[in-house]
Amino acid sequence: QVQLVESGGGLVQAGGSLRLSCAASGLTFSSYAMGWFRQAPGKERECVATVNQNDDRIVFPDSVKGRFTISRDTAKNTVYLQMNNLKPEDTAVYYCAAATVAWTNANAYNYWGQGTQVTVSS
């Protein structure tokens, strides 16, 4: 059974940092691209970053470039999202997802974690 379990979310003041983790099980981790998405209340789910099977990493929104970094540790079957200099507008539920090909479209992803809440206070 495939499981993606996010952790590391929480409440942080603006300017602070969090490191989200997503532990994968039940799949061949190295065969999947991984993505981080976020969804704020009333807004569309947004692709934040992806890392493919070759460890090519992309951060998409201009608003988080230079602040967020995606990485994967194949030995630990874990993908990370390091978030620095957090801003209130980063507040959202953050989800990790797995796909055979990395796309920004959420519909392309085969498996999803349960999400972890990130709240940034001003």
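Now for a description of the structure that goes with this document. (Residues numbered from 1 in each chain as written. Predicted model: local features only at pLDDT ≥ 70, side-chain atom pairs only at ≥ 80, totals over all residues. Heavy atoms only, no water.)

**Focus: the layout of surface pockets**
- The calculated volume of the largest pocket comes to roughly 170 Å³.
- Along its surface, the largest pocket is lined by R38, Q39, A40, K43, E44, E46, S63, E89, T91 and A92.
- Taken together, the residues that form the lining of the largest pocket break down as two nonpolar, three polar and five charged. (1 Å grid on protein atoms, 1.4 Å probe; cavity = no way out; pocket = protein on both sides within 12 Å on 5 of 7 lines; lining within 4 Å. Points joined across faces, edges and corners; volume = space filled by probe spheres on them. Nonpolar A, V, L, I, M, F, W, Y, C, P; charged D, E, K, R; others polar.)

**Some words on unusual backbone geometry**
- For N77, which is not a glycine, the phi torsion comes out positive at approximately 50°.
- Considering the arrangement of structural elements, one finds N77 in the loop between β7 (68-73) and β8 (78-83). (Helix = DSSP H or I, 4+ residues; strand = E, 2+ residues; numbered from the N terminus.)

**Some thoughts on the packing of aromatic side chains**
- In the structure shown here, the tally under the stated rule is five aromatic pairs.
- Ring geometry for F37 and Y109: centres 5.0 Å apart, planes at 80°, overall edge-to-face. Of this pair, F37 sits in strand β4 (residues 33-39) while Y109 sits in the loop between β9 (92-99) and β10 (111-112), and the two are 72 residues apart along the sequence. Exposure class is identical for F37 and Y109. Each is buried.
- For the pair F37 and W112, a centre-to-centre distance of 4.9 Å together with 55° between the ring planes defines the contact as tilted. Of this pair, F37 sits in strand β4 while W112 is found in strand β10, placing the two residues 75 residues apart along the sequence.
- Within the aromatic cluster, the residues linked to one another by ring pairs are F37, Y95, Y109 and W112. (Phe/Tyr/Trp six-rings, centres within 6.5 Å; stacked < 30°, edge-to-face > 60°. Buried < 20%, exposed > 50% of the residue type's maximum accessible area, 1.4 Å probe, protein only.)

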